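Chain and residue survey
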Amino acid sequence: MQNEIDRDLYDILGVGQGASAGEIKSAYRSRAHECHPDVAHHDPDGEHKFKELSFAYEILSDPEKRRTYDNFGLDGLKRGAGIDFNGFGSISDLFDVFFGEGFSSGFGSPGRRRPQRSGRQSGRDMEMVVVVTLADVLDGAEKEVDLTRMATCSDCDGSGMKTGSQMSRCSSCQGTGEVRRTQRNLFGTFIRAQVCANCMGAGEVITDPCSGCGGAGRRSLTEKLQVSVPPGVERGDRLRVREKGEGGVRGGASGDLYVVIDVAGDPRFQRDGTRLYRRATVEMVDAALGAEIEVGSIDGEFSLKIPAGTQHGDVLKARGKGLPPRYGGKRGDMSVVVDVKVPRKLTAEQKKLLESYRQAGKERARK
Ligand SMILES: [Zn+2]
Ligand SMILES: [Zn+2]
């Protein structure tokens, strides 16, 4: 069996490059069902296919990893940290992650997590994109965003119950939190324990639900959120805002919000980390004789010395006119690429002066 992944990850999932997160997820689910070992036990490559599929999903479902893959391919991922090409966990772990507890009981994985009897559920992490300007990158910024999320219900504090009411035993599972199902295939009969759908494995159900959230323990909440963007951020940086992800229920912790930074382009500048690049026009005579010119930076104009004899395309360095490193510090430099400008029109006086300049040059060459 081969271990390396060598196919296009989008091909593996059978989706286009522009597929949304939802399309990727549903493509993964339907294909994973096809290569489930119970269905595809006749296929000797089944396990590899499943690993390949899981790997493709792991990368494409993570916006940061997906961006790395889009920009740099598999090599980029290998260079990046934290992605393991060969060390997949056991198949049953993967099934647990994607199909829920109980699905892979037949494989017997000893370390399986059970849902807590209390029904405690942590909230998932969330992600949102915030666009900043280069001026924000220079000084850092406070950005106000509208955040809509399923937050822990404030009426019942996530319990889902009306204040003072009690839980009662789930009638579907008789309080065990599990239902057992018998399944037959070519190899025999299997008994599978599945999480009770009625009580979500808690063994108890709410009899008198909270009117604020209908018993879910969470409800949609939109709020203004201040996000502190530190100086020096780059596109793709992720800032964590604690406990502003999906709310937890029945005592579970809330997820975190990850603010993904996008830096808006500025037509004047190119950026490479802390260094900025820009072009500046220099008059032919200034380039020849030397001069001081005004050059625009992010925080206003500064004076740049043009040495005598500067050539078109020369790169002059302006110290400290670039951007600070991540989380602040000394600013980087700006590289100014010189565009020497030759005048299109000359006055009679200028023409005369340039003619005598030409003559002087010829005489000097004769000597
Ligand atoms: Zn139940
Ligand atoms: Zn509630």
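Along every chain, residues carry numbers that run from 1 in the direction the sequence is written. All chains are assigned letters beginning with A, and all ligands numbers beginning with 1, in the order in which they are written. Whole-chain, interface and lining totals are the exception, using all residues; otherwise, since this is a predicted model, local features are given only for residues with pLDDT of at least 70 and side-chain atom pairs are given and counted only at 80 or more.

1. Describing the overall build of the protein
Per the secondary structure count, the protein includes eight helices and 15 strands. The buried share of the protein, reckoned over its 367 residues, is 22%. Working definition of a contact: two residues with C-beta atoms, positioned from the backbone, lying within 7 Å. Excluding contacts between residues fewer than 6 apart, the proportion of contacts in the protein whose partners are at least 24 apart in sequence is 64%. Where helices and strands are cited, they refer to DSSP runs of H or I of at least four residues and of E of at least two residues respectively, numbered from the N terminus. Backbone-placed C-beta atoms define the burial measure: a residue is buried with 20 or more other C-beta atoms within 10 Å of its own, exposed with 12 or fewer, and partly exposed in between.

2. Section: helix α2 (residues 21-34)
Each helix should span, by expectation, one fewer than its residue count multiplied by 1.5 Å. In this model, α2 (14 residues) spans 20 Å end to end at C-alpha, consistent with the 20 Å of a helix rising 1.5 Å per residue. Where α2 is buried, its residues touch α1 (9-13) and α3 (46-60).

3. Topic: the sheet that holds strand β11 (residues 275-283)
Taken together, four strands build an open sheet; the order of strands is β10-β11-β15-β14 and the sheet is mixed. Looking at which strands have only one partner, the edges of the open sheet turn out to be β10 (270-272) and β14 (315-318). Across the sheet, the mean angle from the axis of one strand to that of its neighbour is 35 degrees, orientation sign disregarded. As paired strands, β10 and β11 are joined by three bridges and run antiparallel to one another. Looking at β11, one finds that R271 is bridged to L276. The rule for pairing is simple: two strands pair if DSSP sees at least two bridges between them. Lines fitted to C-alpha atoms define the axes, with helix axes restricted to the stretch in contact, and inter-axis angles between N-to-C directions lie between 0 and 180 degrees.

4. Considerations on the confidence of the model for the protein
One confidence number per residue, pLDDT, is output by the predictor and ranges from 0 to 100. Averaged over every residue, the pLDDT of the protein is 84; the share at 70 or more is 84%. The low-confidence segment residues 81-115 (pLDDT under 50) makes 43 contacts with residues lying over four places distant or belonging to another chain.

5. Brief notes about the sheet that holds strand β8 (residues 238-241)
Read across the sheet, three strands follow the order β1-β9-β8 without closing on themselves; strand pairing throughout is mixed. For this open sheet the edge positions go to β1 (126-132) and β8, each flanked by a neighbour on one side alone. Each strand of the sheet is rotated relative to its neighbour by a mean of 30 degrees, with strand direction disregarded. Here four bridges tie β8 to strand β9 (residues 257-263), and the two strands are oriented antiparallel to one another. Along β9, the bridge assignment pairs R238 with V260.

6. Re the packing of α2 against α3
The geometry of α2 relative to α3 is characterised by a closest axis approach of 10 Å and an angle of 170 degrees between their N-to-C directions. In terms of orientation, α2 and α3 fall into the roughly antiparallel class. Residues I24, Y28, R31 and A32 of α2 lie in contact with α3, whose contacting residues are F50, L53, Y57 and L60. Any angle that is under 35 degrees is reported as roughly parallel, and any over 145 degrees as roughly antiparallel; angles of 65 to 115 degrees are reported as roughly perpendicular and all others as oblique.

7. Examining unusual backbone geometry
Glycine aside, negative phi is the norm for most residues, and most peptide bonds take the trans geometry. Of note in this structure, D157 is not a glycine but carries a positive phi near 60 degrees. One can find D157 in the loop between β2 (141-152) and β3 (167-169). On the neighbour-count criterion, D157 (15 C-beta atoms within 10 Å) is partly exposed. Phi is positive for E243, close to 60 degrees, though the residue is something other than glycine.

8. Brief notes about the pairing of strand β13 (residues 300-306)
Bridging between strand β12 (residues 291-297) and β13 involves seven bridges; their strand directions are antiparallel. Across the sheet, residue A291 finds its bridge partner in β13, namely I306. In this antiparallel pair of consecutive strands, β12 and β13, the connection spans two residues.

9. Observations regarding the environment of R120
Topologically, R120 is positioned in the loop between α5 (91-99) and β1. Judged by the 16 C-beta atoms lying within 10 Å of it, R120 falls in the partly exposed class. Sequence spacing of R120 and S159 is 39 residues, and the spatial spacing of their C-alpha atoms is 8.9 Å. When sequence neighbours within four positions are dropped, the list of residues in contact with R120 reads R250, G251 and G252.

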